[in-house]
Amino acid sequence: MWHSIVSYASLQARPEYGFTLTRGWDTKQGLVVLYAEQVYAYENSCPHQQVALNWSPHTFLDPNHEFIQCSMHGAWFQPDTGLCVRGPCLHRQLRSFPVRIQQDQIQVWFEFN
Ligand code: FES
């Protein structure tokens with residue numbers, strides 16, 4: 001099902017946003033980024049250690065807003081593909097969510113099992 005995450009206007013003001021989806025005891029963490037005027041959504045889980053990429057809420061991009069960054073190891077992931085281009089998970093990829101914009105809301109598709 002589609003989940004509303006944040007407004008597009010908010011993402012234009014700050015191009016990164018973390019979220020947690022919950023159903024009962026199940027949770028799924030993710031992030032959305034605005035990059036080159038496109039919205040991308042990924043699981044907030046590094047492909048090599050399955051830990052969250054951020055230390056502080058809603059902070060995922062490097063200072064230049066060019067890459068999604070693992071705050072633990074400084075690894076870089078391309079915002080438009082999720083591909084790791086630097087760091088211990090080189091050539092591995094963040095898992096993406098389908099994403100859409102509906103009436104100024106960023107929505108991601110995720111189905112709990
Ligand atoms: S946890 Fe994988 S690069 Fe940091």
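What counts as what
- Within every chain, residues take consecutive numbers counted from 1 along the sequence as written.
- pLDDT decides what is reported in this predicted model: residues at 70 or higher carry local features, side-chain atom pairs at 80 or more are listed and counted, and totals for whole chains, interfaces and linings draw on all residues regardless.
- Only hydrogens and water are set aside; all other atoms, that is, all heavy atoms of the structure, feed into the side-chain values.
- Here a strand is any run of E in DSSP of at least two residues, a helix any run of H or I of at least four, and the numbering for each starts at the N terminus.
- Each radius of gyration reported is based on C-alpha atoms, and the globular scaling rule is 2.2 Å times the count of residues to the power 0.38.
- The cut-offs for exposure are 20% and 50% of the maximum accessible area for each residue type, with area from a 1.4 Å probe on protein chains only; residues under the lower value are buried, those over the upper are exposed, and the others partly exposed.
- Contacts between residues were defined by any pair of non-hydrogen atoms, one from each residue, lying within 4.5 Å.
- Areas reported here follow the Shrake-Rupley algorithm with a probe of radius 1.4 Å; residue values treat only the protein chains shown as occluding.
- Here the positive residues are Lys and Arg and the negative ones are Asp and Glu; neither His nor the chain ends is included.
- By convention, charge coordinates are those of NZ in Lys, CZ in Arg, CG in Asp, or CD in Glu.
- Whether two strands pair depends on DSSP finding at least two bridges between them.
- Here an angle of 0 to 180 degrees is reported between the N-to-C directions of two axes, which are lines fitted to C-alpha atoms, with helices fitted over the stretch in contact.

Draft legend 1. Summary view of the overall build of the protein chain. Looking only at helices and strands, the protein chain has 1 helix and 9 strands in total. Taking 2.2 N^0.38 as the reference for a compact globule, 113 residues should give roughly 13 Å; the C-alpha atoms of the protein chain span a radius of gyration of 13 Å, in line with that estimate. Every one of the 113 residues in the protein chain was classed for burial, and the buried ones make up 42%. For the protein chain, the proportion of contacts with a sequence separation of at least 24, taken over those separated by at least 6, is 48%. Accessible surface, the protein chain as shown: approximately 6,500 Å² in total, 48% of it carbon and sulfur. Side-chain charges in the protein chain split into 7 positive and 9 negative, and the spacing between the mean points of these groups amounts to 9 Å.

Draft legend 2. Representation of the pairing of strand β9 (residues 105-109). For strand β1 (residues 2-7) and β9, the ladder comprises 5 bridges, and the chain directions are antiparallel. Its bridge partner lying in β9, V6 is registered against I106. Relative to β9, strand β8 (residues 99-102) runs antiparallel, the two sharing 4 bridges. Note that in β9 the partner of I101 across the bridge is I106. Counting the residues between successive antiparallel strands, the hairpin from β8 to β9 contains 2 residues, one of them, Q103, with a positive phi of roughly 45°.

Draft legend 3. Representation of the sheet that holds strand β2 (residues 16-23) within the structure. Strands sit in the order β2-β3-β4 across an open sheet of 3 strands; the sheet is antiparallel. Since the sheet does not close on itself, it has two edges, and those belong to β2 and β4 (38-43), each with one partner. In this sheet, adjacent strand axes meet at a mean angle of 25° when their direction is disregarded.

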